[in-house]
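# Geometric and topological summary
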There are 2 protein chains.
Amino acid sequence: MRNIKLTVAYDGTNYHGFQEQRGTGLATIQETLEQCLGRLARRRVQVIGAGRTDSGVHARGQVVNFDASGWPIPVERIPLALNGLLPGDIVVTQAREVEENFHARICARSKTYRYTIWNSGIPSPFHRLYSCFWPVSLDAEAMSAACTYLEGTHDFKCFQASGATVKTTVRTLYQARVIREGPVIHFVFNGDGFLYNMVRIMAGTLLQVGMGKIKPESIKTLIESRKRALAGPTLPPQGLCLERVEY
Amino acid sequence: MRNIKLTVAYDGTNYHGFQEQRGTGLATIQETLEQCLGRLARRRVQVIGAGRTDSGVHARGQVVNFDASGWPIPVERIPLALNGLLPGDIVVTQAREVEENFHARICARSKTYRYTIWNSGIPSPFHRLYSCFWPVSLDAEAMSAACTYLEGTHDFKCFQASGATVKTTVRTLYQARVIREGPVIHFVFNGDGFLYNMVRIMAGTLLQVGMGKIKPESIKTLIESRKRALAGPTLPPQGLCLERVEY
C-alpha cells in the first residue's frame, strides 16, 4: 500500500456535507474528491476522512488518506494535478506519503474547530456564508471567562444533539478561546474529540453568556446537569470550520 | 421630492452587474433594489447609482439615491426594512435624507476601488469569489513604485477597454496604493473618475510590474503612448470592489 495523506480546504456552502451519501445524487466533499482521484488513478479510489462535516460546514484543514498503490505520480505533484480537476470550492493544500498504518480518523490526536460570528448591527454580504450573523452586542470578556469552564475533561452530554448515540460523552477540550477582530468573533476549540453538533451548541451557549443570559460560572453546573435543554441553541452550519487535525 | 441616499454593499457573484437590463430576465443589483423598494413603497421606484459595476464585481460602498415622496417610513428605519426584503448578498448599510439636488452619479467627487489578488501557490476556496488567484510571487515594492507613476492627472487611454467611447480619457488618480496582508495583495485606487475597465487593466499592468516584465518607471511612457496593447491584461471581475464614493 502506498498511503497518501491529503490536507483539504473547502467551502462547504454547495455540498451536502463531507460524507458520501450513496444513491442520493447529492454532492458531497468525499464523493467529489473520490471522483477526481478516480480520474487520476483510472480506478475507483476510496478516501478516509478525519471527521465528517455537516452540510454547509467548511474546512481549512480537513485530512484524508487513500491508497495510491501503482500510481506513477510523484506525491509533490498530487495537489496541482488534483486541483486542476476539482471545482474551485475544494482545494488540496498539501499531500504527503505516510506510513501504511496511518488512518486519517483513527490516528487523529485532536481537532481544532472555529466558529465565527458576524457581530454587527448590519449583516455583511461577504461574511454571510462563513459566519453566523448576530446583531446583539456581545460581552467578549464574559464569553472568555465561560471558556475556562469548558476546558478540561468533562461529560459534555449537554452539548450533544439530542438523539445522538455514542458509547461515551466524555471528551477532553484542551483549549477554548474567544478572539475578537472588529465585528468578527471567533470561538476556537481544540479537543480530542467532539460530539455531534457539540461545537455549534457550545457556540450557541457562549452567545447566551455574551448576552448576559447565562453567567460564565454557570457553565460548570450546566455541564454537570448533562441536560441538552439547559444549553444554548445549535448555531447554523455556515459559521463552522474544521481548522486543523493534529496527529 | 424626498431624496434618500442609500449606501449599499453587495456580493456581485450572482448578478449581471449593477445596471438594469430591461427585458433580459437577468438579475442585476439595480433591479433587485428597485423591486424591494417598490414593495415597500407600493409603487414603481427608480434608483440612480453612483457608478455601474460589471457582472461579478462587488461593492462595499455603492451609493444610490431615489425619490421617497409620500413614504411614511422614517429614514433611519429604511435599512432594516429593506434588508428584510433583499436577498442576503445585497445589504443596505446606511440611509440618509439628502438635499433635493443630490444625484448619486453627478455629485460624486471621487470613487475608491480596490482590486484584490490572492498571491499564493495554492488557491483559496474562501477567496476565490473575491480575488484574482495569482500563483507567481510578486514584488510589492516594484508595484508600489509603479503606483507613483499612475497618480496624477493623465490621459489614461492605455488603460481603457478598446472600443469604449467617451469624450475625454483624461482623469485624475488621487491615490494608487499597494497593501500586502500575507497572501492577499490589495491595489487601492482613488480618483475623480475611471474609464471602462480602467481598474482591472491597471491591476493587470501592476502584476506585470510585480513579475518584473514591466519596469516601474516604464509606466510613464506607457501612459504617454496611449496604447491599450502596451498595458497589461484585464484582470477578472471577481477581484474588483467599489469601496466608497466620496461627495
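The rules behind each value
Residues numbered from 1 in each chain as written. Chains lettered and ligands numbered in written order. Predicted model: local features only at pLDDT ≥ 70, side-chain atom pairs only at ≥ 80, totals over all residues. Heavy atoms only, no water. 1 Å grid on protein atoms, 1.4 Å probe; cavity = no way out; pocket = protein on both sides within 12 Å on 5 of 7 lines; lining within 4 Å. Points joined across faces, edges and corners; volume = space filled by probe spheres on them. Helix = DSSP H or I, 4+ residues; strand = E, 2+ residues; numbered from the N terminus. Domains from an automatic or database assignment. Nonpolar A, V, L, I, M, F, W, Y, C, P; charged D, E, K, R; others polar. Contact = heavy atoms within 4.5 Å. Buried area = accessible area lost by both parts, 1.4 Å probe. Salt bridge = Lys/Arg side-chain N within 4 Å of Asp/Glu carboxyl O. Polar contact = N/O pair within 3.5 Å; in protein donor to acceptor, adjacent residues only side chain to side chain. Buried < 20%, exposed > 50% of the residue type's maximum accessible area, 1.4 Å probe, protein only. Arc of directions from axis to C-beta. Least-squares fit on C-alpha atoms with pLDDT ≥ 70 in both. UniProt positions renumbered as here; feature names shortened; annotations may be inferred.

### Looking at the layout of surface pockets
To find leftover empty space, one rolls a probe the size of a water molecule over the atoms. Reported here for the largest pocket is a volume of approximately 1200 Å³. Around the largest pocket, the lining comprises 41 residues; the ones closest to its centre are Gly51, Arg52, Arg105, Lys111 and Phe194 of chain B. For the lining of the largest pocket, the elements supplying multiple residues, two or more each, are β2 (48–49), β5 (110–118), β8 (170–181) and α4 (198–210) of chain B. Here the lining of the largest pocket spans two domains, and each of domain 1 (3–98) and domain 2 (110–246) of chain B adds at least three residues to it. Its boundaries defined by the atoms lining it, the second largest pocket holds a volume of some 1000 Å³. Around the second largest pocket sit 37 residues that line it, and Arg60, Phe126 and His127 of chain A together with Phe126 and His127 of chain B are the ones nearest its centre. Among the residues making up the lining of the second largest pocket, the classes are represented as 16 nonpolar, 14 polar and seven charged.

### Structural notes on the interface of chain B and chain A
The partner chain A presents 18 residues to the 18 residues of chain B that form the contact. Both sides together, the interface formed by chain B and chain A hides about 1500 Å², and carbon and sulfur atoms give 72% of it. By the criterion of area lost to chain A, the three top residues of chain B are Pro125, Phe126 and Arg128 of chain B, representing 39% of everything that side buries. Asp11 of chain B serves as the salt-bridge partner of Arg128 of chain A, at 3.2 Å between the closest nitrogen and oxygen. The interface formed by chain B and chain A contains two residue pairs in polar contact (both at pLDDT 80 or more). Counting residues per element, the ones that place at least two in the side of chain B that touches chain A are β1 (3–10), β3 (58–67) and β4 (90–98) of chain B.

### Topic: helix α5 (residues 218–225) of chain A
Residue and element names in this part refer to chain A. For α5, every residue scored as buried is listed here: Ile219, Leu222 and Ile223. Down the axis, α5 shows its buried residues gathered within 95 degrees of arc, on one side only. In this structure, the buried side of α5 is in contact with α3 (140–150), β7 (152–155) and α4 (198–210). Backbone geometry just after α5 places Arg226 at a positive phi near 60 degrees.

### Here's the deal with the relation of the copies chain B and chain A
When chain B is fitted onto chain A, the two copies agree to an RMSD of 0.0 Å after a turn of 180 degrees and an axial shift of 0.0 Å. Both copies of the chain, as the preceding transformation shows, are related through a two-fold rotation axis. Closest to the rotation axis within chain B is the C-alpha of Phe126 of chain B, separated from it by 5.1 Å. A share of 100% of the interface residues of chain B reappears at the interface of chain A, consistent with the copies meeting face to face through the same patch.

### Some points on the UniProt feature "binding site: substrate" (unreviewed entry) in chain A
Residue and element names in this part refer to chain A. In the numbering used here, UniProt assigns the feature "binding site: substrate" (unreviewed entry) to Tyr113. By secondary structure assignment, the location of Tyr113 is in strand β5 (residues 110–118). With sequence-adjacent residues up to four places away left out, Tyr113 is seen in contact with Arg52, Phe187, Val188, Phe189, Phe194, Val199, Leu240, Cys241, Leu242 and Glu243.

### Here we look at the domain arrangement of chain A
All names here are of chain A. Each domain of chain A was delimited in the assignment, giving domain 1 (3–98) and domain 2 (110–246). Measuring from the centre of the C-alpha atoms in domain 1 to the corresponding centre in domain 2 gives 28 Å. Taken together, the 16 residues of domain 1 in the interface contact 16 residues of domain 2. Between domain 1 and domain 2 the total buried area reaches about 1200 Å² when both faces are included, carbon and sulfur atoms providing 53% of it. Of all residues in domain 1, Asp54, His58 and Arg60 bury the most surface against domain 2, accounting for 41% of the area lost on that side. In this structure, the connection of domain 1 to domain 2 is made through two salt bridges.

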